[in-house]
Amino acid sequence: GFLTLALIPELFERSFVVDDVTMGVNYGLNRVRFTAPVPAGSRVRARFRLLEYKPLDGGAQLTMEATLEREGGERPVCVAETVSRRY
């Protein structure tokens, strides 16, 4: 499960373009659920939904819902609420 969770930042970077950002920080997780196993060699994909945008001095805090699915799976393998800061 934690290997699947570790893929979220890379999948996020491939999904979004955030202008005027020089640095991103993984700030934490609010909620994580591993809802199905991921067999070795499985292909996974992620869907992201912006839950909250909070302006900060020199940047912003993003709270996102990440839903990871494996190819051929019937349900998500991981649903996580991530918090990141962009400067």
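Residues numbered from 1 in each chain as written. Predicted model: local features only at pLDDT ≥ 70, side-chain atom pairs only at ≥ 80, totals over all residues. Heavy atoms only, no water.

## Overview of the pairing of strand E4 (residues 78-86)
Thinking step 1. For E4, the buried fraction is high: seven of the nine residues fall into the buried class.
Thinking step 2. The pairing of strand E1 (residues 24-34) with E4 spans nine bridges and is classified as antiparallel. Bridging from a neighbouring strand, Val 32 pairs with Ala 80 of E4. (Buried < 20%, exposed > 50% of the residue type's maximum accessible area, 1.4 Å probe, protein only. Helix = DSSP H or I, 4+ residues; strand = E, 2+ residues; numbered from the N terminus. Pairing = 2+ DSSP bridges.)

## What about the layout of surface pockets?
Thinking step 1. In this model, the largest pocket occupies a volume close to 230 Å³.
Thinking step 2. Considering the residues around the largest pocket, the lining is formed by 17 residues, among which Ile 8, Pro 9, Asn 26, Thr 82 and Ser 84 are closest to the centre.
Thinking step 3. Looking at the lining of the largest pocket, the elements with two or more residues in it are helix H2 (8-15), E1 and E4.
Thinking step 4. Ranked by residue count, the leading element in the lining of the largest pocket is E1, at six residues.
Thinking step 5. Residue composition of the lining of the largest pocket, grouped by class: 10 nonpolar, five polar and two charged. (1 Å grid on protein atoms, 1.4 Å probe; cavity = no way out; pocket = protein on both sides within 12 Å on 5 of 7 lines; lining within 4 Å. Points joined across faces, edges and corners; volume = space filled by probe spheres on them. Nonpolar A, V, L, I, M, F, W, Y, C, P; charged D, E, K, R; others polar.)

## Here's the deal with the nonpolar core
Thinking step 1. Core analysis: the biggest nonpolar cluster contains 14 residues, and Ile 8, Phe 48, Leu 68 and Cys 78 have the highest contact counts within it.
Thinking step 2. Among the secondary structure elements, those contributing two or more residues to this core are H2, strand E2 (44-56), strand E3 (59-70) and E4.
Thinking step 3. The contacts of Leu 68, once residues within four sequence positions are left out, are Thr 4, Ile 8, Leu 11, Arg 45, Ala 46, Pro 76, Val 77 and Cys 78. (Core = buried A, V, L, I, M, F, W, Y, C linked by side-chain atoms within 4.5 Å. Contact = heavy atoms within 4.5 Å.)

## Points about the pairing of E3
Thinking step 1. Burial runs high along E3: nine of the 12 residues are buried.
Thinking step 2. Bridge count for E2 against E3 is 12 bridges, and the pairing is antiparallel. Bridged to Tyr 53 within E3 is Leu 62.
Thinking step 3. Between E2 and the antiparallel strand that follows it, E3, lie two residues; Gly 58 among them carries a positive phi value of about 80°.
Thinking step 4. In the sheet, E3 pairs with E4 via nine bridges, with the strands oriented antiparallel. Counterpart to Thr 67 in the pairing with E4 is Val 79.

## Brief notes about H2
Thinking step 1. The complete set of buried residues in H2 reads Ile 8, Leu 11 and Phe 12. Down the axis of H2, the smallest arc covering the buried residues is 105°, so these residues share one side. (Arc of directions from axis to C-beta.)

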